[in-house]
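Inside the fold
Take a look at the letters that make up each chain.
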Amino acid sequence: MNTKLLASIAVFALLTGVIGTSLMQSAYAADYGMSGNAADKKAADAKKLADKKAADAKKLADKKAADAKKDSGTGKATGKAASSDAVTVEMAKGTATNTECGGKCFVPNNVQVKVGGTVTWKNVDTAAHTATDSNGAFDSGMVMAKGSFKQKFDTAGTYNYMCIVHPWMQGTVTVS
Ligand SMILES: [Cu+2]
C-alpha cells in the first residue's frame, strides 16, 4: 500500500472540507448584510484557520507516512516483520534498575519466528538477567553480562516471558 498517496488523499479531503466551510461562512456573511470589511476579515480569518488546519494535517500525515516507512524498513528491529528463522533480542542496558523500561526492556519486545526457529537473547547490560517463560516452556537461567542464551521453538504459539530477577522486564515470542 502506498502510504504517501493515502496521506495525500487524506490532506486533500481535509482541505476540501475546510475550504468548503469557509466559502459557506463568507456567503452567510454576505447574505446577512455584513459590511464588506467585516465579511472580508471573517473570510481572511477563516482562511488563516483553514491554512493552519491544513498545515497541521499535512504534518501529521507526513509523520504517519514516515513512521510507516520506518516500520516497514526495520521490521526485524520492531518485531513486526514476517516470521524469520532466527531472531536476536537484547536485554537492554539499565533494565535492572529502570523499572519504567516498559516495552524496551527486551529489545525488540515482541518477536516472531517460524516453527523450528530460534531466539537468541543477548545480555548487553551490566547486570545478570533471565528470559523465563511464564508457563515454563523455557528458562534461560542467569544470563551474565555479555552472555547470551539461545532457545529453539518447535511448537507454534505465543510465549510470554519475563526476567525472574526484574519482573518488569517482559516480552513475547510468537511462533507460527
Ligand atoms: Cu533482569
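Residues numbered from 1 in each chain as written. Predicted model: local features only at pLDDT ≥ 70, side-chain atom pairs only at ≥ 80, totals over all residues. Heavy atoms only, no water.

The next thing to look at is the overall build of the chain. Regarding its fold elements, the chain presents three helices and seven strands. Scored against the burial criterion, the 176 residues of the chain give a buried share of 31%. Sequence-distant contacts, at least 24 apart, represent 63% of the contacts inside the chain between residues at least 6 apart. Total accessible area on the chain is roughly 10900 Å²; 60% of this is exposed by carbon and sulfur atoms. (Helix = DSSP H or I, 4+ residues; strand = E, 2+ residues; numbered from the N terminus. Buried < 20%, exposed > 50% of the residue type's maximum accessible area, 1.4 Å probe, protein only. Contact = heavy atoms within 4.5 Å. Areas by Shrake-Rupley, 256 points an atom, 1.4 Å probe, with all protein chains shown as cover.)

With that settled, the discussion passes to the pairing of strand β3 (residues 110-123). Alignment of strand β1 (residues 84-91) against β3, held across seven bridges, turns out to be parallel. Within β3, the position partnered with alanine 86 by the bridge is threonine 118. Across four bridges, the pairing between β3 and strand β7 (residues 170-175) is parallel. Directly across from valine 113, in β7, lies its bridge partner valine 175. Here β3 runs beside strand β5 (residues 148-153); their pairing, made up of six bridges, is antiparallel. By the bridge assignment for β5, tryptophan 121 is matched with phenylalanine 149. (Pairing = 2+ DSSP bridges.)

Tracing the chain through its elements places threonine 95 in the loop between β1 and β2 (106-107). Other than its neighbours up to four places away in sequence, threonine 95 contacts Cys101, Lys104, Cys105, Asp125, His129, His166, Trp168 and Met169.

Turning our eyes to something else, we now look at the coordination of the copper ion. Each pair of donors in an ideal octahedron of six around a metal sits at 90 or 180 degrees, and each pair in an ideal tetrahedron of four sits at 109.5 degrees. Every protein donor of the copper ion is accounted for by His129 (ND1), Cys163 (SG) and His166 (ND1), and the metal-donor separations fall at 1.9 to 2.2 Å. For the copper ion, the donor residues sit on a single chain with the sequence spacing H-x33-C-x2-H. Owing to a relative accessible area of 0%, cysteine 163 belongs among the buried residues under this scheme. Note on histidine 166: relative accessible area 8%, which makes it buried. (Donors = N, O, S within 2.8 Å, 3.2 Å for Na, K, Ca; no water.)

As a further point, take a nonpolar patch on the surface. On the surface, Met142, Met144, Ile164 and Val165 cluster together into a nonpolar patch covering about 390 Å² of accessible area. In this structure, valine 165 sits in the loop between β6 (157-162) and β7. Accessibility expressed as a relative area gives 36% for valine 165, which makes it partly exposed. (Patch = residues over 30% accessible without salt bridge, like charges linked within 9 Å, V, L, I, M, F, W, Y side chains within 5 Å. Salt bridge = Lys/Arg side-chain N within 4 Å of Asp/Glu carboxyl O.)

The next point concerns the pairing of β7. In this sheet, β7 lies alongside β6 in antiparallel orientation, the contact comprising six bridges. The residue of β7 that forms the bridge with tyrosine 159 is valine 173.

For the rest of this paragraph, the subject is the pattern of salt bridges. Applying the stated criterion to the full structure yields one salt bridge. Between lysine 152 and aspartate 154 there is a salt bridge; the shortest N-O distance is 2.9 Å. Judged by its relative accessible area of 48%, lysine 152 falls in the partly exposed class. Residue classification places aspartate 154 among the exposed residues on the basis of a relative accessible area of 52%.

A cis amide bond, omega -5 degrees, links valine 107 with the succeeding residue proline 108. Looking at the element boundaries, proline 108 is found in the loop between β2 and β3. For lysine 146, which is not glycine, the phi dihedral falls at a positive 70 degrees. Mapped onto the elements, lysine 146 comes out in the loop between β4 (132-133) and β5. With relative accessibility at 82%, the residue lysine 146 sits in the exposed group.

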